[in-house]
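Structure at a glance
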Amino acid sequence: MEQYWSLIQEKVCRKCIDGDGRGNCRLPSTLTCALKESLPEIVRIARETQGGSYEDSVNALRAGICSRCVHQLDDGSCILRSTLECALDRYYPLVLDVIDEVHLGTFTNAQ
Ligand code: SF4
Ligand code: SF4
């Protein structure tokens, strides 16, 4: 899991609007990043839906992560998602690419 996280820091956190541009998170201590909190589950979902459509991966994310997240309401809506404040949702395509890269052993350190 360490390898996934270090590549995510390299390729996602560096681009994240909540980061410092060098891979460090600048979220206030009162907030947690769903990507960081649920990484093992996200990796599992990515692997299980690998080769399927992006929509399949998003549906699996909603079922496996969002359904247990404190921010999702009973009607399935999420204020953080609708205001683009959830880094996991915002960068999910990039996250899937990173997980694929680790899985396939094709990751590079190119910026
Ligand atoms: S919010 Fe999440 S994705 Fe963004 S920098 Fe922090 S840990 Fe990385
Ligand atoms: S989109 Fe909303 S419900 Fe899903 S992980 Fe992010 S904050 Fe939680």
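Here's a quick rundown of the structure. Treat the numbers as computed from the prediction; the structure is a model and nothing was measured. (Residues numbered from 1 in each chain as written. Chains lettered and ligands numbered in written order. Predicted model: local features only at pLDDT ≥ 70, side-chain atom pairs only at ≥ 80, totals over all residues. Heavy atoms only, no water.)

With that settled, the discussion passes to the packing of aromatic side chains. With the rule as written, the count across this model stands at 1 aromatic pair. Ring plane angle 45° and centroid distance 6.2 Å describe the contact between Tyr54 and Tyr92, whose orientation is recorded as tilted. One end of the pair, Tyr54, is in helix α4 (residues 54-64); the other, Tyr92, is in helix α7 (residues 92-104), with 38 residues separating them in the sequence. (Phe/Tyr/Trp six-rings, centres within 6.5 Å; stacked < 30°, edge-to-face > 60°. Helix = DSSP H or I, 4+ residues; strand = E, 2+ residues; numbered from the N terminus.)

Bringing the site of ligand 2 into the picture now. Around ligand 2 sit Ala34, Cys66, Cys69, His71, Gln72, Cys78, Leu80, Arg81, Cys86 and Asp89, and that is every residue in its neighbourhood. The pocket occupied by ligand 2, as judged from atoms lying within 2 Å of grid points, is the largest pocket. Across the shell around ligand 2, the residue classes tally to 6 nonpolar, 2 polar and 2 charged. (Near = heavy atom within 4 Å. 1 Å grid on protein atoms, 1.4 Å probe; cavity = no way out; pocket = protein on both sides within 12 Å on 5 of 7 lines; lining within 4 Å. Sits in = over half its atoms within 2 Å of the grid points. Nonpolar A, V, L, I, M, F, W, Y, C, P; charged D, E, K, R; others polar.)

This next bit is on the pattern of salt bridges. What the rule picks out here adds up to 8 salt bridges. The partner of Lys11 in a salt bridge is Glu101, and the shortest N-O contact between them spans 3.0 Å. Within this pair, whereas Lys11 is found in helix α1 (residues 2-13), its partner Glu101 is found in helix α7, the two being separated by 90 residues in sequence. By relative accessible area, which is 13% here, Lys11 ends up buried. A residue is classified by how much of its surface remains accessible, and Glu101, at 18% relative accessible area, is buried. When the shortest N-O distance is used, the salt bridge between Arg44 and Glu48 registers 2.8 Å. Taken together, the residues span about one helical turn, with Arg44 and Glu48 both in helix α3 (residues 39-49) at a distance of 4 residues. (Salt bridge = Lys/Arg side-chain N within 4 Å of Asp/Glu carboxyl O. Buried < 20%, exposed > 50% of the residue type's maximum accessible area, 1.4 Å probe, protein only.)

This part takes up the site of ligand 1. The environment of ligand 1 is made up of Trp5, Cys13, Cys16, Asp18, Gly19, Cys25, Leu27, Cys33, Leu35 and Ala87. The class makeup of the residues in the shell around ligand 1 is 8 nonpolar, 1 polar and 1 charged.

Let us look at α7. Compared with an ideal rise of 1.5 Å per residue, which puts 13 residues at 18 Å, α7 spans 18 Å between its outermost C-alpha atoms and is within 8% of the ideal. Among all positions in α7, only Tyr92, Val95, Leu96, Val98, Ile99, Glu101 and Val102 are buried. Check the buried side of α7 and you find it contacts α1, α2 (34-37), α3, α4 and α6 (87-90). Within two residues after α7, Gly105 carries a phi angle of roughly 70°, on the positive side. (Expected span 1.5 Å × (residues − 1). Contact = heavy atoms within 4.5 Å.)

The subject of this paragraph is α3. Every buried residue of α3 is listed here: Leu39, Glu41, Ile42, Val43, Ile45, Ala46 and Thr49. Of the surrounding secondary structure, the elements contacted by the buried residues of α3 are α1, α2, α4, α6 and α7.

Let us look at the nonpolar core. Taken as a class, soluble globular proteins show a tendency for nonpolar side chains to be buried jointly. One finds Ile8, Leu35, Ile42, Leu88, Tyr92 and Val95 to be the most contacted residues of the largest nonpolar core, which totals 29 residues. Only α1, α2, α3, α4, α6 and α7 provide two or more residues apiece to this core. (Core = buried A, V, L, I, M, F, W, Y, C linked by side-chain atoms within 4.5 Å.)

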